[in-house]
Structures are given as C-alpha cells and as structure tokens.
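These are the residues of each chain, in order.
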Amino acid sequence: MPAVTEFTPIASVIGGALIGVAAVLLMLFSGRIAGVSGMAGRLLPPYHAGGGFAEGGAFVFGLIVATPVYMLLSQETVPQTVSGSVPLMVAAGLLVGFGSGLGGGCTSGHGVCGLSRLSLRSLAATATFMATGAASVFVMRHVIGG
C-alpha cells in the first residue's frame, strides 16, 4: 500500500507565513539571510564580529525547541521517524553539508530568501533540489517500494 501524506493546508499556510515573517524580520534588522546552513555555520570558528555566534545560536536553539514547545502547548505528540542506522545518518549529514557548500546555501536560504529576492542562482538551486526530491520520492515509493 502506498504511503499516505497528510494534507494540512491551513497549518501549512500559517507555518509558511511565520517562516516568511521571520525571514523578513531577520533581513530587516540584521541584513542576514535566514538559511539554516549559514546560521549553523555561525556556531563554528572563525567567529565574526556583529553577533554572528549569538544570532546563529538563537536560530538553531529555536529550531531545536520548537517541536517540544508546540507539543507542550497543544498537548499533541508530533510523530518523528529517525533512522536507526548511524552510518546512514552520517552519510546523509555529509551529503547535505557537501550539497549546501556546493550550492552556496541550503534549501531554506535559497527557497525562502533567495527566491523572494528574485535570485537566478536560487531559482536554479531550488529547481534542482525540488526535482531531486521529487525523483527520490518517486524512486522510493514506486521503484524500490518503500
């Protein structure tokens, strides 16, 4: 039986709007792009002046605590599936890091902030990762049968 994807248009619109507002506020007040790879990179040396470490730390902290806070406030659990294969997770992490470096940013930086600034480079990056994601889902669901 094929995997079923839950359709949540209202929650998706609200979530997208919150991401957009957060990206605009970050750009407005600090002139920075709200890309996860760039924010996480600010946690690693060399540290730059201008609050990079604190800003990156706050951003990553928010990513980590958002789900537990939501679960606490809504009294709902959020199902999460993480692979039990450490080699698979290490390989996936390295591939994501390599892709972010090669593409000059991550999906959030290109897809949310780059497209809104009409960046052609972000358009190419977003088209590439969307096509790759669609192809991966097709292969996993219809070829391999996951």
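Because the structure is predicted, anything quoted here is derived from the model rather than measured. (Residues numbered from 1 in each chain as written. Predicted model: local features only at pLDDT ≥ 70, side-chain atom pairs only at ≥ 80, totals over all residues. Heavy atoms only, no water.)

**Quick notes on the overall build of the chain**
- For the chain, the helix and strand inventory stands at 6 helices and 0 strands.
- Scanning the chain from its N terminus toward the C terminus, one meets helices and strands in the order α-α-α-α-α-α.
- If one aligns the C-alpha atoms of the chain with their principal axes, the spans along those axes are about 55 × 40 × 35 Å.
- Among the 146 residues that make up the chain, the fraction classed as buried is 14%.
- Sequence-distant contacts in the chain: of pairs separated by 6 or more residues, those separated by 24 or more amount to 30%.
- A total of about 10800 Å² of accessible surface is found on the chain, and carbon and sulfur atoms cover 75% of it. (Helix = DSSP H or I, 4+ residues; strand = E, 2+ residues; numbered from the N terminus. Buried < 20%, exposed > 50% of the residue type's maximum accessible area, 1.4 Å probe, protein only. Contact = heavy atoms within 4.5 Å. Areas by Shrake-Rupley, 256 points an atom, 1.4 Å probe, with all protein chains shown as cover.)

**Thoughts on the packing of helix H5 (residues 107–116) against helix H6 (residues 120–144)**
- The contact between H5 and H6 brings their axes to 9 Å, and the two run at 130°. Judged by the inter-axis angle, H5 sits oblique to H6. As H5 runs across H6, the sense of the crossing is left-handed. In this structure, H5 contributes Thr 107, His 110, Gly 111, Gly 114 and Leu 115 to the contact, and H6 contributes Arg 121, Ser 122, Leu 123, Ala 125, Thr 126 and Phe 129.
- A breakdown of the residues in the contact of H5 with H6 according to their chemical character gives 4 nonpolar, 6 polar and 1 charged. (Axes fitted to C-alpha atoms, helices over the stretch in contact; angles between N-to-C directions. Parallel < 35°, antiparallel > 145°, perpendicular 65-115°, else oblique. Left-handed = near helix turned anticlockwise from the far one by under 90°. Nonpolar A, V, L, I, M, F, W, Y, C, P; charged D, E, K, R; others polar.)

**Re the confidence of the model for the chain**
- When the pLDDT values of the chain are averaged, the result is 86; 95% of them are 70 or greater.
- Of all helices and strands in the chain, the one with the weakest mean pLDDT is helix H2 (residues 36–41) (83), whereas H6 scores best (92). (pLDDT = per-residue confidence, 0-100.)

**Side note on the pattern of salt bridges**
- One pass over the structure, following the stated rule, counts 2 salt bridges.
- A salt bridge links Arg 32 to Glu 55; the shortest N-O distance between them is 2.6 Å. Of this pair, Arg 32 sits in the loop between helix H1 (9–30) and H2 while Glu 55 sits in helix H3 (residues 52–74), placing them 23 residues apart in sequence.
- Accessibility expressed as a relative area gives 22% for Arg 32, which makes it partly exposed.
- For Glu 55, the salt bridge goes to Arg 42, with nearest N and O atoms at 3.2 Å. Here Glu 55, found in helix H3, pairs with Arg 42, found in the loop between H2 and H3; they are 13 residues apart in sequence, far enough to count as distant.
- Here the salt bridges do not stand alone but share partners, grouping Arg 32, Arg 42 and Glu 55 into one network. (Salt bridge = Lys/Arg side-chain N within 4 Å of Asp/Glu carboxyl O.)

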